[in-house]
Amino acid sequence: MEKICVAVRVRPPTPESSSSSSSETGSPLWKVEDNRIYLYKSLGTPISTASHAFDHVFDERSTNACVYELLTKDIIHAAVEGFNGTAFAYGQTSSGKTFTMTGSETDPGIIRRSVRDVFERIQMISDREFLIRVSYMEIYNEEINDLLAVENQRLQIHEHLERGVFVAGLKEEIVSDAEQILKLLDSGEVNRHFGETNMNVHSSRSHTIFRMVIESRGKENNSSDAIRVSVLNLVDLAGSERIAKTGAGGVRLTEGKYINKSLMILGNVINKLCESAKLRAHIPYRDSKLTRILQPALGGNAKTCIICTIAPEEHHIEESKGTLQFASRAKRITNCAQVNEILTDAALLKRQKLEIEELRMKLQGSHAEVLEQEILKLSNQMLKYELECERLKTQLEEERRKQKEQEQCIKDQQLKIENLNNLVTNSDFKRNQSEDFISLRETPDGFCNVIDSSDVPETPCFKSAERSFVVARSNYSELSSFSPMVHSFGDMAEEDTWTKLNKGFVADLDKLQFTPAVRCQPTPLTTATMECPPENHKEVEKFKSRIELLTNEKDSLQVKFNEQVVRNNKLMEEMSELRQETIHMKETPKRLHESVANCKDVHNDIIVTMKSLMAEKESPIARLLFGATETTTNLLSTLESQFSMIMDGQKAGSIVDNPLSDQWETLRVSLKNTTTSLVSDAHAKDEFLNCHNKSNERRCIC
């Protein structure tokens, strides 16, 4: 296991940024000391939480040759020896990634230096022969294109047990020297996608992967030596972009979206790999084609180095901080690199023969008799261990059986609790219905039954069941060939039926015994269990702890069950109180009906008395009084009939509509008409009397 090698490189400032920053005061600057990088202000004051340490940190004055010697050279040499290797540059756009990987004519980058170094290393190894195959691809808008063969577009990724992850249909050129590879690189760069943005005139719009497959085998005894196959990936990633800074639009905007998406997925993979093995969940390698191709290099069988490039300008500080955070997380990833060998049958047989010869030499140089005794002793111990293991297996099976029984018991308890919760929910629903109430009836034998007209299940009455008993059979009586108690009889049976079922046997009531409560206890460990080897003993202890946890869980469920019983009892008390209130409410209409009937009788007596005392029965006052009396009588009769209808509706269980409003309106109109007619008659009579008096006065004057 080894960590990924992570380095940071600071790009030199551009002439425009250096001239603008020199005129400003207090602008922040990146400073490099040994293998740490700090964020300072121009006045020399450090900024908190802006210090990072890595394997290597390169300042603005560093060259590609220095970066290659300190960071990548060891990985290239390991690839020649049979290890997988990967090197890639990461950073924002215009931070110097392509220059670090490709370089220039005066200062070649990592890819060109690696190609030359591979062939120089091969020249130094004289006992092996090599075969090198190269390919060059780009990932443009999440589509894989072959840069060495333009017709190969939209290639697919596959995985093989021996080859691992590979791109199907990708052209591979067999090369023999470095110059041939450099020509292929130049031809592939022509087909690569570049573009112009506000931040970079020659901006990479795709990720490129230059892959070298190095195969080697020994020159002597070719058929009996293993073949080494290693893969070297040199990756130039496109830079992350901010649309506000690049001013991208149209095709450039679409390219930037795909670039940022793939880099975001790469960051997610790095975050997942940084977590511990216990907390690590699914690693999203397949979410992007870049991470899928680089899967062996990220937490797999490869030696990997990452070069994170940053820009020193002040307006790029946020992007530079994000790049440093990515590098800090990647520094915690560990890979498991090993030599990749393909063993033929002849090579495998040769290795086994060498191992046998070494063991034989060791055996001849030691005392054979002592070794035989040791072997015999070890075989006896092995036999004892096997017997002990068999015995422990049987004990473990027994413990597992008991554990299954306890789990089934716990499931039953949980099912009961769920049923009780459903019953409580239904009882709450029943209590909220104002017109339906539950009536309880107690049977003579002491059990509670719930009586309701609806089909909704009721809350049961949790009274303790009567204790069962066991009848002691006489020693001289014969065993019956069938059950002495029929299930339909319950816990009681008639004496004649009992005698008939038991063939004349009469139970001795003095020997009745209550069945004692039996508490389940775990089976104690035997002496043989205590003498088992430590490994088996640990496993037994583990099962014991699990059984204890299940027992505790069962006790907690029992406590919850008891609490639920208490809640149900409280609900039964509340339902009883509601039932009493309902009875009082049902009696209210009856009492009102009786009161209205009494008022009607008293009103009739008063009217009869007033009629007998009134002299002029045809006067307006009498007519007004009789009209109001008739209206009042009708109103009382309406109230009496309405209360009667309510009482009849309660008996029938239906809801009675309230027709009082219509009848009251009719009575009000009738009373108003009667009063108006009486008042008009009174005015007419007064005018007649006035006219009559005036005529009499005139006669007197004449």
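Rules of the game
- Residues numbered from 1 in each chain as written.
- Predicted model: local features only at pLDDT ≥ 70, side-chain atom pairs only at ≥ 80, totals over all residues.
- Heavy atoms only, no water.
- Axes fitted to C-alpha atoms, helices over the stretch in contact; angles between N-to-C directions.
- Helix = DSSP H or I, 4+ residues; strand = E, 2+ residues; numbered from the N terminus.
- Parallel < 35°, antiparallel > 145°, perpendicular 65-115°, else oblique.
- Left-handed = near helix turned anticlockwise from the far one by under 90°.
- Contact = heavy atoms within 4.5 Å.
- Nonpolar A, V, L, I, M, F, W, Y, C, P; charged D, E, K, R; others polar.
- pLDDT = per-residue confidence, 0-100.
- Polar contact = N/O pair within 3.5 Å; in protein donor to acceptor, adjacent residues only side chain to side chain.
- Salt bridge = Lys/Arg side-chain N within 4 Å of Asp/Glu carboxyl O.
- Buried < 20%, exposed > 50% of the residue type's maximum accessible area, 1.4 Å probe, protein only.
- Pairing = 2+ DSSP bridges.
- Core = buried A, V, L, I, M, F, W, Y, C linked by side-chain atoms within 4.5 Å.
- Phe/Tyr/Trp six-rings, centres within 6.5 Å; stacked < 30°, edge-to-face > 60°.
- Lys NZ or Arg CZ within 6 Å of the ring centre and 35° of its normal.

J.: Explanation requested: the packing of helix α4 (residues 110-124) against helix α5 (residues 178-191) in the structure shown.
T.: A pair of packed helices can be characterised by two numbers: the angle between their axes and the separation between those axes. Where α4 meets α5, the closest approach of the two axes is 9 Å, and the angle between their N-to-C directions is 155°. Taken together, the axes of α4 and α5 are roughly antiparallel relative to one another. Remark: the crossing between α4 and α5 carries right-handed chirality. Across the interface between the two elements, I111, R112, V115, R116 and F119 from α4 touch A178, E179, I181, L182, L185 and D186 from α5. For the contact of α4 with α5, the class distribution of residues is seven nonpolar, no polar and four charged.

J.: What is the right way to read the confidence of the model for the protein chain from this model?
T.: Detailed reading of predicted coordinates is not advised where the pLDDT is low. A residue-level look at the protein chain finds 68% of positions with pLDDT of 70 or above and a mean pLDDT of 76. Scored below 50 in pLDDT, residues 434-477 shows 72 contacts in the model against residues more than four places distant or in partner chains. Considering only residues more than four positions removed or in separate chains, one finds that residues 479-489, a stretch of pLDDT under 50, has 14 contacts.

J.: Explain the environment of S104 to me, please; I cannot follow it from the model alone.
T.: Relative to the assigned elements, S104 resides in the loop between α3 (97-101) and α4. Separated by 40 residues in the primary sequence, S104 and N64 have C-alpha atoms spaced 9.6 Å apart. At 3.4 Å, the side chain of S104 and the side chain of T106 are in polar contact.

J.: Explanation requested: the pattern of salt bridges in the structure shown.
T.: Pairing between side chains of opposite charge can happen when their charged atoms approach one another. For the structure shown, the criterion picks out 25 salt bridges. Measuring nitrogen to oxygen at the nearest pair gives 3.2 Å for the salt bridge that ties D236 to R192. One end of the pair, D236, is in strand β16 (residues 227-236); the other, R192, is in the loop between α5 and β13 (194-195), and 44 residues separate them in sequence. Each member of the pair, D236 as well as R192, carries the same accessibility label: buried. Note that R401 is salt-bridged to E405, the shortest N-O span being 2.7 Å. Taken together, the residues R401 and E405, both in helix α11 (residues 368-432) and four residues apart, mark about one turn of the helix.

J.: How should I be thinking about the pairing of strand β10 (residues 157-160) in this particular structure?
T.: The side chains of a regular strand alternate, residue by residue, between the two faces of the sheet. The sheet contact formed by β10 and strand β11 (residues 164-167) spans four bridges and is antiparallel. Residue pairing across strands places H158 opposite F166, the latter belonging to β11.

J.: What am I meant to see in the pairing of strand β8 (residues 128-140) here?
T.: Taken across its 13 residues, β8 has 10 buried, putting it largely inside the fold. Here β8 pairs with strand β15 (residues 207-218) via 12 bridges, running antiparallel. Its bridge partner lying in β15, M137 is registered against I209. Taken together, the three bridges between β8 and strand β12 (residues 173-175) define a ladder with antiparallel strand orientation. If you follow V134 over to β12, its bridge partner there is E173. In this sheet, strand β9 (residues 143-146) lies alongside β8 in antiparallel orientation, the contact comprising four bridges.

J.: How should I be thinking about unusual backbone geometry in this particular structure?
T.: At S94, a residue that is not glycine, the phi angle is positive and equals roughly 65°. Position of S94 relative to the elements: it lies in the loop between β7 (85-91) and α3. S94 gets classed as buried once you look at its relative accessible area, which sits at 18%. Despite not being glycine, R154 has its phi angle at roughly 55°, a positive value. Inspection of the secondary structure assignment puts R154 in the loop between β9 and β10.

J.: Whenever I open this one, the environment of C305 confuses me. Can you help?
T.: By the secondary structure assignment, C305 is in strand β17 (residues 303-310). We classify C305 as buried; its relative accessible area is 0%. Along the chain, C305 and I75 lie 230 residues apart, while their C-alpha atoms are 8.0 Å from each other. The residues contacting C305, other than those within four sequence positions of it, are C5, L71, T72, I75, T86, A87 and F88.

J.: Is there a simple way to explain the nonpolar core in this structure?
T.: One broad rule of soluble globular proteins: the nonpolar side chains tend to lie buried together. Counting 44 residues, the largest nonpolar core has I37, F54, L237 and L298 as the members making the most contacts within it. Sorting the residues of this core by element identifies β2 (5-10), β4 (36-41), β7, β8, α7 (251-274), α8 (289-293), β17 and α9 (317-330) as the ones contributing at least two each. Per-element tally for this core: the top contributor is α7, with seven residues. L298 has contacts with L266, V269, I270, L273, Y285 and N335, leaving out every residue within four places of it along the chain. Counting 36 residues, the second-largest nonpolar core is a separate cluster that includes A89, V134, M212 and C305.

J.: Would you explain the side chain of T323 in this entry?
T.: Within the fold, T323 resides in helix α9. Overall, T323 belongs to the buried group, its relative accessible area being 4%.

J.: Sorry, what's going on with the packing of aromatic side chains here?
T.: Geometry of an aromatic ring pair is reported as the spacing of the ring centres plus the angle between the planes. Tallied over the entire structure, the rule returns two aromatic pairs. Considering the side-chain rings of Y90 and F326, the 3.9 Å spacing of their centres and the 15° angle between planes classify their relative orientation as stacked. Separated by 236 residues along the polypeptide, Y90 in strand β7 and F326 in helix α9 bring together distant segments of the chain. The burial state of Y90 is the same as that of F326; both residues are buried. Plain terms: the ring middles of Y136 and F210 are 5.8 Å apart, the flat faces sit at 85° to each other, and that makes the pair edge-to-face. Of this pair, Y136 sits in strand β8 while F210 sits in strand β15, placing them 74 residues apart in sequence. Over the face of the ring belonging to F83 we find K303, whose NZ or CZ atom lies 5.1 Å from the ring centre.

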